Amino acid sequence: AQSVTQLDSQVPVFEEAPVELRCNYSSSVSVYLFWYVQYPNQGLQLLLKYLSGSTLVKGINGFEAEFNKSQTSFHLRKPSVHISDTAEYFCAVRPVGGFKTIFGAGTRLFVKA
Amino acid sequence: EADIYQTPRYLVIGTGKKITLECSQTMGHDKMYWYQQDPGMELHLIHYSYGVNSTEKGDLSSESTVSRIRTEHFPLTLESARPSHTSQYLCASSDMTEMNTEAFFGQGTRLTVV
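Below or above, wherever it landed, is the structure these notes cover.

**Observations concerning the overall build of chain B**
Next up, step 1: Looking only at helices and strands, chain B features 0 helices and 11 strands.
Next up, step 2: Ordered by position in the sequence, the α and β elements of chain B form the string β-β-β-β-β-β-β-β-β-β-β.
Next up, step 3: Relative to the 2.2 N^0.38 estimate, which gives 13 Å for 114 residues, the radius of gyration of chain B is 14 Å and therefore close to what a compact globule would have.
Next up, step 4: With respect to the three principal axes, the spread of C-alpha positions in chain B is 45 × 30 × 25 Å.
Next up, step 5: Out of the 114 residues in chain B, the part that is buried amounts to 46%.
Next up, step 6: Within chain B, counting contacts between residues at least 6 apart in sequence, those at least 24 apart form 53% of the total.
Next up, step 7: Approximately 5,500 Å² of chain B is accessible, and the part contributed by carbon and sulfur atoms is 52%.
Next up, step 8: Averaging the coordinates of the 9 positive side-chain charges in chain B and doing the same for the 14 negative ones gives two points 10 Å apart.

Structure (structure tokens):
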């Protein structure tokens with residue numbers, strides 16, 4: 001079985017500051033890793049994904065994430081946030097060869113002017 | 001652009017009513033899913049389908065039922081709505097090719113049972 005822990009439920013940050021949203025996972029098998037973003041009253045949109053290869057993954061809207069297998073982490077980063085980045089961010093895993101995606105509880109990013 | 005649609009977007013309904021939440025996708029995906037989302041909580045998988053005529057219960061017990069008569073359509077039904085069913089319901093679909101591993105989501109249906 002897999003589980004995902006997002007270490008911060010809310011992250012307030014000032015505009016143009018850097019941000020890191022933390023995600024740890026647990027799994028007995030290899031997994032694919034994802035970050036999704038959810039804007040108010042919307043569904044989830046894929047930000048980026050890690051399948052294999054380079055551990056640094058770049059996504060949309062200037063976000064990137066780094067897979068650390070030894071620490072079973074997949075933290076999301078952005079060097080300079082905008083007001084429009086205010087949203088809920090979900091970390092997720094899916095076992096290789098499986099098809100059920102397991103989500104964390106989400107981190108609410110609030111960007112202040 | 002993902003093509004997966006949910007209707008209605010918002011629904012307020014009285015206790016005891018029967019409701020069906022619609023979900024359709026035009027991507028030809030075999031796998032479809034229903035998630036339930038409450039504020040501040042992770043998404044919980046309540047139903048999934050491998051393909052036509054295949055439905056399975058997810059990790060979170062739900063009183064709802066689903067059907068999969070056509071590849072593109074995966075409706076969710078509540079026979080008798082209760083206030084405890086108030087939540088956001090998200091439909092998703094996915095392909096199983098090696099590179100297309102992510103799920104695509106609809107915009108959700110926010111259900112309120114009064």
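So that's the structure; there's more coming.
**Some thoughts on the pattern of salt bridges**
Next up, step 1: One pass over the structure, following the stated rule, counts 11 salt bridges over all chains.
Next up, step 2: Linking glutamate 66 of chain A and arginine 77 of chain A is a salt bridge whose minimum nitrogen-to-oxygen distance equals 3.5 Å. Here glutamate 66 of chain A, found in strand β8 (residues 64–68), pairs with arginine 77 of chain A, found in strand β9 (residues 73–78); they are 11 residues apart in sequence, far enough to count as distant.
Next up, step 3: Given a relative accessible area of 28%, arginine 77 of chain A falls into the partly exposed group.
Next up, step 4: Note that glutamate 79 of chain B is salt-bridged to lysine 18 of chain B, the shortest N-O span being 3.9 Å.

**So, unusual backbone geometry**
Next up, step 1: Along the chain, threonine 7 of chain B connects to proline 8 of chain B via a cis peptide bond; the corresponding omega equals -10 degrees.
Next up, step 2: Mapped onto the secondary structure, proline 8 of chain B falls in the loop between β1 (4–7) and β2 (10–13).
Next up, step 3: If you check the backbone angles, asparagine 61 of chain A has positive phi at about 60 degrees while not being a glycine.
Next up, step 4: Mapped onto the fold, asparagine 61 of chain A is located in the loop between β7 (56–58) and β8.

**Remarks on the side chain of serine 73 of chain A**
Next up, step 1: Relative to the elements of secondary structure, serine 73 of chain A occurs in strand β9.
Next up, step 2: Apart from residues no more than four positions distant in its own chain, serine 73 of chain A is found in contact with Cys23, Asn24, Tyr25, Glu66, Phe67 and Asn68 of chain A.

Conventions adopted
- Residues numbered from 1 in each chain as written.
- Chains lettered and ligands numbered in written order.
- Predicted model: local features only at pLDDT ≥ 70, side-chain atom pairs only at ≥ 80, totals over all residues.
- Heavy atoms only, no water.
- Helix = DSSP H or I, 4+ residues; strand = E, 2+ residues; numbered from the N terminus.
- Rg over C-alpha atoms; globule rule 2.2 N^0.38 Å.
- Buried < 20%, exposed > 50% of the residue type's maximum accessible area, 1.4 Å probe, protein only.
- Contact = heavy atoms within 4.5 Å.
- Areas by Shrake-Rupley, 256 points an atom, 1.4 Å probe, with all protein chains shown as cover.
- Lys, Arg positive; Asp, Glu negative; His and termini not counted.
- Charge placed at Lys NZ, Arg CZ, Asp CG, Glu CD.
- Salt bridge = Lys/Arg side-chain N within 4 Å of Asp/Glu carboxyl O.

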